[in-house]
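Listed below, chain by chain, are the residues.
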Amino acid sequence: MPGQTLFDKIWDRHVIADLGDDYALLHVSRHLMHDGGGRGLQVLKDQGYKVRNPDLTFATFDHVISTEPGRTHETLKPHAARLYAMRDMAKEAGIKLFDLGQPGQGIVHVMGPEQGITLPGVLLVCGDSHTCTHGGLGAIAFGVGATEVVHVLATQSLVQRRPKRMRVTFEGKATPGVLPKDLILALIGQIGTAGGTGFAVEYAGPAIRDMEVEGRLTVCNLSIELGAKIGMVAPDEKTYAYLKGRPYAPTGAVWDQAVADWRSLPSDSDAKFDVEVTVDVNKIVPQITWGTSPEHVIPVTGKIPHPTSVSDPDKQKALQSALDYMGLTPGVPIDQTKIDWVFIGSCTNSRMSDLREAAKIAKGRKVSAHVRAWVVPGSENIKREAEAEGLHKVFLDAGFEWREPGCSMCLAVNGDTIAPGQRSVSTSNRNFVGRQGPGGRTHLASPAMAAAAAIAGRIADVRSI
Amino acid sequence: MKPFTVLDAKAAPLMEQNVNTDIIIPIHRLRDFGQNELGPYAFEPWRYLPDGSDNPEFFLNKPAYKGAEIIVADENFACGSSREGAVWAVMGMGVRAVIAPSFGPIFFNNCFQNGVLPIQLDRADVLAIANELEGATRPGSNSEPKLSIDLESRTVTTPSGRKITFHVDGIRRDALLKGLNEVALTLTREGEIAAHQAMARKATPWLYPAAQ
Ligand code: SF4
């Protein structure tokens, strides 16, 4: 029998029933909820069901909350009722909710790993596509729809089809100025936003082993932008060191038992993947997107592409409409592009390591006069830790604004928006049309690149700052 | 859930790649409106002109395609977020089926949860169908831009009468044909769920954090 992949090992141990045709009824070992998910609890109630395992569901507020300094539930009046309703329903059901101002509150994909709720070997779901983030700890984690959320609440299980397996091996070593975000953007540029469709992706290779856990979470975060619902990294000593002592991580003898088990999870050396992809990390330079899909990505040293650089007429059309929307001219070096906004935050890049990388660039410099720049920490704990470290001072002194934790301008559903026609460099994961506000133009980049852009007032190569 | 058996309906081609769910339903509409109120906002960024009037260039605003119940789309349709509102929005426009070479994976699942049939075909077949539909709208054409989808026999019949067979997983097909409620079905397996949990609690106790 050939060896097994990390993915298969975790999948198999969650199968409650084989439903044939590659489908299984899977046990859900962790379920996370955010403030968009209150509806699920309401529907459950309306249909007369109960939350089957409230101790396996954890909730937080992130999407629709204000990130204004000093915010409360009431700062965004229209959403206050929704927050209160969800809080009441969670309480009634016995679900732990990390509320505003409490340790643990934050972007749901920051909260899970930070609290040790996400562990190697778990099968974790959440009604949010960037749930793939949690795979960075060696879990199967994927986003589900609203009806599937109701199914999970009622049954602690889910009907899913087993995806195919892809392994992406990052060979080589990242050069200075190149961050995990650049690696995953470069991969998306290489195989496209549909390149991972139908696959569970395992990220492997020396550059992944070199990477700290927070970087792995960033890489896995953009799996959905590759078309893959699931991205994962095998657990190792870095994973265990990261998790030890976190609030919901096991302790004592159970910790030892858990680590022993986790060591058996990595893919066997003779495991077979349906597709193998290799990325040469030595060649990657800082990346920046120019268009309206994450695959519209180029090195910051590059020029804005001509639509005729591709042969497929449908693709040409797509490139032309992206250029029109973004207000860019083909052939111009992208680092001449003037910007209005910088957003450092989101479940992609709002953790301590991200803030430290951005602060390194910001330290002793000033945000360009025509740029507005925000730093939005991913969680209450990160905010406190960054403040204890003095990072907020570095940002404030440089002219950045320091906000309360939440999704903020990644999705712009809480009123944190850029104006039509304005251009932003953002550390988030989607540069879709209107993502940061109707008519807004988004360039995705690493936290260091975003900080560099804020200082330069234009898209800039962080290595030249 | 409304059963899906045979659908004989107008079909409209949207031959753009990577159409994302932010386009299909903008997040602020999802925030402000209920599940059954999203139809008017489906594809909002493309569907209307800045003054709020219909954009005549938008595929579903073209008179020949108005009222289409089937969308024929290109690669990676409905990629992006997990918002089920993307399905509710197209349903709100009357759509019951989407044909594409590939789909965003969460949208694909969400379709089945709502009685909408996503059909995956080779890109060459999808392009051929789109061509036939466009041809059928040209002056002098004697066919209509309509497709017939039969879920029982898993076939799509094009305006010219060509039959294309598609694959749909058996379990999904059964649920659609009968309009089954998945939660109720799973609850009949409560014994198996409980047995699995009892086993996992012993083998991997850390999966059950005590309330803290
Ligand atoms: S930060 Fe952005 S991508 Fe992440 S969960 Fe929030 S809205 Fe979604």
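Residues numbered from 1 in each chain as written. Chains lettered and ligands numbered in written order. Predicted model: local features only at pLDDT ≥ 70, side-chain atom pairs only at ≥ 80, totals over all residues. Heavy atoms only, no water.

(A) Main features of the overall build of chain B. Regarding its fold elements, chain B presents 9 helices and 7 strands. Its C-alpha atoms give chain B principal-axis dimensions of about 70 × 45 × 25 Å. Among the 212 residues that make up chain B, the fraction classed as buried is 54%. With the model as given, the accessible surface of chain B reaches about 8,800 Å², and the carbon-plus-sulfur share is 51%. Averaging the locations of the 21 positively and 25 negatively charged side chains of chain B gives two centres separated by 4 Å. (Helix = DSSP H or I, 4+ residues; strand = E, 2+ residues; numbered from the N terminus. Buried < 20%, exposed > 50% of the residue type's maximum accessible area, 1.4 Å probe, protein only. Areas by Shrake-Rupley, 256 points an atom, 1.4 Å probe, with all protein chains shown as cover. Lys, Arg positive; Asp, Glu negative; His and termini not counted. Charge placed at Lys NZ, Arg CZ, Asp CG, Glu CD.)

(B) Representation of the packing of helix α12 (residues 352–362) of chain A against helix α14 (residues 391–398) of chain A in the model. Residue and element names in this part refer to chain A. At their nearest, the axes of α12 and α14 sit 10 Å apart, and the two run at 40° to each other. What the angle tells us is that α12 and α14 run oblique. In the crossing of α12 with α14, the sense of the turn from one axis to the other is left-handed. Residue-level inspection shows M352, L355, R356, A358, A359 and A362 of α12 in contact with α14, the latter providing L391, V394, F395 and A398. In the contact of α12 with α14, the residues fall into 9 nonpolar, no polar and 1 charged. (Axes fitted to C-alpha atoms, helices over the stretch in contact; angles between N-to-C directions. Parallel < 35°, antiparallel > 145°, perpendicular 65-115°, else oblique. Left-handed = near helix turned anticlockwise from the far one by under 90°. Contact = heavy atoms within 4.5 Å. Nonpolar A, V, L, I, M, F, W, Y, C, P; charged D, E, K, R; others polar.)

(C) The environment of T57(A), seen in detail. Residue and element names in this part refer to chain A. Within the element layout of this structure, T57 appears in strand β4 (residues 57–60). Judged by relative accessible area, which is 1%, T57 ranks as buried. Residues T57 and K229, 172 residues apart in the sequence, show an inter-C-alpha distance of 20 Å. In this view, T57 contacts H31, M33, I95, K96 and L153; residues no more than four positions away in its chain are not counted.

(D) Up close: the domain arrangement of chain B. What the domain assignment reports for chain B is domain 1 (6–180) and domain 2 (185–212). Centre-to-centre, using C-alpha coordinates, domain 1 of chain B lies 39 Å away from domain 2 of chain B. (Domains from an automatic or database assignment.)

(E) Spatial organisation of the packing of aromatic side chains. Scanning the entire structure with this criterion turns up 18 aromatic pairs over all chains. On the numbers, 5.6 Å between centres and 90° between planes, the contact of W255(A) with W262(A) is edge-to-face. Here W255(A) falls in the buried class, since its relative accessible area comes to 7%. In this structure W262(A) comes out as buried when scored by relative accessible area, which is 0%. Seen from their ring centres, F43(B) and F58(B) are 5.6 Å apart, and the 45° between their planes marks the pair as tilted. Of this pair, F43(B) sits in the loop between α2 (27–32) and α3 (44–47) while F58(B) sits in the loop between α3 and β2 (70–73), and the two are 15 residues apart along the sequence. As far as burial versus exposure is concerned, F43(B) and F58(B) are alike and both buried. Each member of the aromatic cluster is reached from another via a ring pair, and the members are F77(B), F103(B), F107(B), F108(B) and F112(B). Geometry around Y242(A) places R246(A) over its ring, the cationic atom sitting 3.9 Å from the centre. We note R403(A) situated over the ring of W374(A); from NZ or CZ to the ring centre the distance is 3.7 Å. (Phe/Tyr/Trp six-rings, centres within 6.5 Å; stacked < 30°, edge-to-face > 60°. Lys NZ or Arg CZ within 6 Å of the ring centre and 35° of its normal.)

(F) Structural context of the interface of chain A and chain B. At the interface, 66 residues of chain A touch 55 residues of chain B. Together chain A and chain B conceal approximately 5,000 Å² of surface at their shared face, both sides included; 54% is due to carbon and sulfur atoms. Three residues stand out in chain A for area buried against chain B, namely Y23(A), R52(A) and F432(A), and they jointly supply 10% of the buried area on that side. Along the contact surface separating chain A from chain B lie 4 salt bridges. (Buried area = accessible area lost by both parts, 1.4 Å probe. Salt bridge = Lys/Arg side-chain N within 4 Å of Asp/Glu carboxyl O.)

(G) Inspection of the sheet that holds strand β11 (residues 230–232) of chain A at higher detail. All names here are of chain A. Reading across from one edge, β11-β10-β9-β12 is the order of the 4 strands in this open sheet, with parallel pairing throughout. Each having just a single partner strand, β11 and β12 (275–280) make up the two edges of the open sheet. Averaged over neighbouring strand pairs, the angle between their axes works out to 20° when direction is ignored. Here strand β9 (residues 164–171) runs beside strand β10 (residues 199–204); their pairing, made up of 6 bridges, is parallel. Its bridge partner being in β10, V168 is matched across the sheet by Y203. (Pairing = 2+ DSSP bridges.)

(H) Up close: the nonpolar core. One finds I140(A) and W262(A) to be the most contacted residues of the largest nonpolar core, which totals 72 residues. Broken down by element, this core gets its largest block of residues, 5 residues, from helix α5 (residues 146–155) of chain A. Other than its neighbours up to four places away in sequence, W262(A) contacts L119(A), P120(A), P235(A), Y240(A), L243(A), P250(A), W255(A) and W206(B). Counting 49 residues, the second largest nonpolar core, distinct from the first, contains I298(A), A373(A), A386(A) and A453(A). (Core = buried A, V, L, I, M, F, W, Y, C linked by side-chain atoms within 4.5 Å.)

(I) Looking closely at helix α7 (residues 170–178) of chain B. Within the span of α7(B), buried status applies to R172(B), R173(B), L176(B) and L177(B). Along the axis of α7(B), the buried positions cluster into a sector of 130°, meaning they face one direction only. Those residues of α7(B) that are buried lie in contact with β2 (23–27) and β8 (157–161) of chain A together with α5 (105–113), β4 (117–120) and α8 (182–187) of chain B. Within two residues after α7(B), G179(B) carries a phi angle of roughly 65°, on the positive side. (Arc of directions from axis to C-beta.)

(J) Summary view of the sheet that holds strand β18 (residues 423–426) of chain A. Residues and elements named next belong to chain A. What the 5 strands build is an open sheet, ordered β17-β16-β15-β18-β19; its pairing is parallel. The outermost strands of the open sheet, each flanked by one partner alone, are β17 (401–402) and β19 (441–444). With 4 bridges connecting them, β18 and β19 associate as parallel partners. Note on β19: the bridge partner recorded for S424 is T442. Those strands touched by helix α11 (residues 313–326) are β18 and β19, and its axis lies near 110° from that of β19.

(K) Representation of the domain arrangement of chain A within the structure. All names here are of chain A. Annotation of chain A at the domain level lists domain 1 (15–160) and domain 2 (287–464). For domain 1 and domain 2, the distance between their C-alpha centroids amounts to 28 Å. Counting from both sides, the interface comprises 26 residues of domain 1 and, opposite them, 25 residues of domain 2. A per-residue breakdown of the area domain 1 buries against domain 2 is headed by T67, I107 and H130, which together make up 31% of the total. Summed over the shared surface of domain 1 and domain 2, the number is 0 salt bridges. Linking domain 1 to domain 2 there are 17 residue pairs in polar contact (both at pLDDT 80 or more). In terms of residue count, the dominant contributor to the side of domain 1 that touches domain 2 is helix α4 (residues 108–115) (4 residues). (Polar contact = N/O pair within 3.5 Å; in protein donor to acceptor, adjacent residues only side chain to side chain.)

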